[in-house]
Amino acid sequence: MVEDILVEDGRVTGIRVRGDAIYRCAALILTTGTFLQAIMHTGEAKTQGGRAGEGTTGTVSDALNRLGFELARFKTGTPARLNGRTIDFNQLQRQPGDADPQPFSFMTDRIEQEQMECFLTDTNQHVHDLIRANLHRAPMYSGQINSTGPRYCPSIEDKVVRFSDKASHQIFLEPEGRRTHEIYCNGISTSLPRDVQDEMIHSIAGLEKAEIMRYGYAVEYDFAPPTQLSPTLETKKVAGLYFAGQINGTTGYEEAAGQGLIAGINAALKVDNRPEFILDRNQGYLGVLIDDLVTKGVDEPYRMFTSRAEYRLILRQDNADRRLTPLAIQLGIASAERIQRFEESVAQIERGQSYIKTTRYHGQTLEDWLRRPDYDWVKLCEMVPDVATLGLSERVIEQIEIDAMYSGYLKKQEKEIARYSKIHAVKIPSTFDYHALPQLRNEAKDKLSRIRPVTVGQAERVSGITPADLTVLLMYLDKAGKPSPESAT
Ligand SMILES: Cc1cc2nc3c(=O)[nH]c(=O)nc-3n(C[C@H](O)[C@H](O)[C@H](O)COP(=O)(O)OP(=O)(O)OC[C@H]3O[C@@H](n4cnc5c(N)ncnc54)[C@H](O)[C@@H]3O)c2cc1C
């Protein structure tokens, strides 16, 4: 259990754990999740801890306060877990998994594992009346919790209040694993007292006799507003100290894992004295996530959504390896097997694309045919049987189809990126004195001095920064990011 963070001359030097042992390090990544000064709430009952059955970490918050970090509080919650052997699944609608699930990883060709079913049920008027009658016992409404929770995973009490016209809300009953009977009730996260949770569950179709194995709860915890970080996730106050995951005000598994990856890469680069690694907003969702966090901060637990990315036509799941594997190769973190797979796939895409660009059918290239909404690779194979002999994998064929279909839009988006990226890439020195720019508005001086954007692009996204502020800023910076003496006079 880490109890303290050791810092000398503004650099992290180690940690002290319970029992007073000290571990020295050149870089430290703090990923405390929901555990900093955590309090769990179930109705009026409060327990210290970041997750059911686990403790809290107060002293790390003290250490962060002492080092001058600002901390704030968020809350999140979870539903009750039920004993699957006590649920009447016959009454419920089945939700089978995908017949042909698509693997997330480019290293997996097929998912052979048998998929487990989920089931669907609903809340009803009686459940809603029960919740309304007990709102005064719900920590969120009784004033016991004041911190903000995730907008996109509201508790059932929140849904009943905010969407009062709805007669029911869906509940997905999801198995927790292959070797457990525990069922997760997705959709009814709650911190109502146990007796209300019992009655609520037993009033839901299929759950009349369900046994609650673990009750739902809300958890309040400290997070560190992420404007205190640079885009590498290193803190601005302490060199070598990185924050990643829910401590930065995010919520979600992928958000946490992604930040861990970026912080890990940068911590390793720093220890090796190599240049830092920052993903741009047009290179990956992680670029969008981290830029949003460090530039704008958070006023509610942050979730990554495709709608947050202005370049989402380019940031597709299907082309993630083409966007990111070259960067991983550069950094030296792609395995030999990954590199080989990637190179094979790129070679296949090039072979397929060059074939359809140069082969004509009834006067038009195969690429033109593929652009038509009612044409796909299978049809091309019927029209020109040689296409089938190219030996392309399903994934590659999908890539070629998508590229052909969206090429017009993609080119437009790429042009837009190129137009802005020159200006956006202009670097701002970390010591840049905004207060020395007489034409800059006071609000802009304050905000830019606090956030310390590393590029003009990031400065543009700081909330409240106007195009006029940017023009002033650009006047004072030359392309190399050094203050430009001519323009300053
Ligand atoms: C109840 C609940 C339900 C959730 N449901 C979902 C969901 O369905 N889908 C989803 O995407 N996200 C969900 N989330 C959010 C998701 O779990 C978190 O956002 C994510 O796990 C955060 O990852 P993390 O690595 O930052 O922290 P965590 O996963 O919380 O890990 C923090 C770790 O740090 C350890 N730790 C803390 N302090 C110390 C210390 N001082 N010394 C040593 N170790 C320490 C803890 O023991 C813990 O293992 C849920 C969160 C909660 C609390």
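Residues numbered from 1 in each chain as written. Predicted model: local features only at pLDDT ≥ 70, side-chain atom pairs only at ≥ 80, totals over all residues. Heavy atoms only, no water.

Caption draft 1: Just the packing of aromatic side chains, in detail. Scanning all chains against the criterion turns up 7 aromatic pairs. Consider the rings of F89 and F119, whose centres lie 4.5 Å apart with planes at 40°: the pair is tilted. Of this pair, F89 sits in the loop between β8 (81-83) and β9 (93-95) while F119 sits in strand β10 (residues 118-122); the two residues are 30 residues apart in sequence, bridging distant segments of the chain. In this structure F119 comes out as buried when scored by relative accessible area, which is 13%. Measuring from ring centre to ring centre gives 5.1 Å for F432 and Y434, while their planes differ by 70°; the resulting arrangement is edge-to-face. (Phe/Tyr/Trp six-rings, centres within 6.5 Å; stacked < 30°, edge-to-face > 60°. Helix = DSSP H or I, 4+ residues; strand = E, 2+ residues; numbered from the N terminus. Buried < 20%, exposed > 50% of the residue type's maximum accessible area, 1.4 Å probe, protein only.)

Caption draft 2: A look at the site of the ligand. In the vicinity of the ligand, 23 residues are found, and the nearest of them are V2, T57, Q246, G252 and Y253. Within the backbone of V2, one N or O atom sits 2.8 Å away from a nitrogen atom of the ligand. At 3.3 Å, a side-chain N or O of R303 approaches an oxygen atom of the ligand. The fraction of the free accessible surface of the ligand (990 Å²) that becomes covered by protein chains is 73%. Of all the secondary structure elements, the ones that give two or more residues to the shell around the ligand are β7 (72-78), β14 (217-223) and α6 (253-271). Residue composition of the shell around the ligand, by class: 9 nonpolar, 12 polar and 2 charged. (Near = heavy atom within 4 Å. Polar contact = N/O pair within 3.5 Å; in protein donor to acceptor, adjacent residues only side chain to side chain. Areas by Shrake-Rupley, 256 points an atom, 1.4 Å probe, with all protein chains shown as cover. Nonpolar A, V, L, I, M, F, W, Y, C, P; charged D, E, K, R; others polar.)

Caption draft 3: Local environment of the layout of surface pockets. The space that makes up the second largest pocket amounts to roughly 1,200 Å³. If you go around the second largest pocket, you meet 33 residues; those closest to its centre are F104, L261, L286, A320 and L324. For the lining of the second largest pocket, the element with the most residues is helix α8 (residues 320-331), which contributes 8 residues. Here the lining of the second largest pocket is composed, by residue class, of 21 nonpolar, 6 polar and 6 charged. (1 Å grid on protein atoms, 1.4 Å probe; cavity = no way out; pocket = protein on both sides within 12 Å on 5 of 7 lines; lining within 4 Å. Points joined across faces, edges and corners; volume = space filled by probe spheres on them.)

Caption draft 4: Representation of helix α12 (residues 394-424). For α12, built from 31 residues, the straight-helix expectation of 45 Å at 1.5 Å per residue is missed by more than 12%, its first-to-last C-alpha distance being only 37 Å. Along α12, the sharpest kink reaches roughly 70°, centred on S407. Those residues of α12 that fall on the buried side of the exposure criterion are V396, I397, Q399, I400, I402, D403, A404, S407, L410, Q413 and I417. The inward-facing, buried residues of α12 contact α8, α9 (336-358), α10 (366-371) and α11 (377-383). (Expected span 1.5 Å × (residues − 1). Bend = angle between axes of the 7 residues up to and from the residue. Contact = heavy atoms within 4.5 Å.)

Caption draft 5: Representation of the nonpolar core. I5, L64, F243 and F277 are the most contacted members of the largest nonpolar core, which totals 39 residues. Contributions of two or more residues to this core are made by β2 (11-17), β4 (28-30), α1 (58-66), β14, β15 (241-243), α6, α7 (285-296) and α8. Considering every element that reaches this core, the biggest residue donor is α6, with 5 residues. The next biggest cluster of nonpolar side chains, apart from the first, holds 25 residues, and it includes L92, L130, L192 and M200. (Core = buried A, V, L, I, M, F, W, Y, C linked by side-chain atoms within 4.5 Å.)

Caption draft 6: Inspection of the pairing of strand β6 (residues 45-48) at higher detail. Pairing geometry for strand β5 (residues 39-42) and β6, over 4 bridges, is antiparallel. The residue of β6 that forms the bridge with M40 is T47. (Pairing = 2+ DSSP bridges.)

Caption draft 7: Local environment of the sheet that holds β14. Reading across from one edge, β6-β5-β14-β7 is the order of the 4 strands in this open sheet, with antiparallel pairing throughout. Sheet topology places β6 and β7 at the edges, where each strand pairs with a single neighbour. When strand polarity is set aside, the average angle formed by the axes of neighbouring strands in this sheet is 25°. Of the pairings in the sheet, the one linking β7 to β14 comprises 7 bridges and is antiparallel in character. Residue pairing across strands places A72 opposite F223, the latter belonging to β14. (Axes fitted to C-alpha atoms, helices over the stretch in contact; angles between N-to-C directions.)

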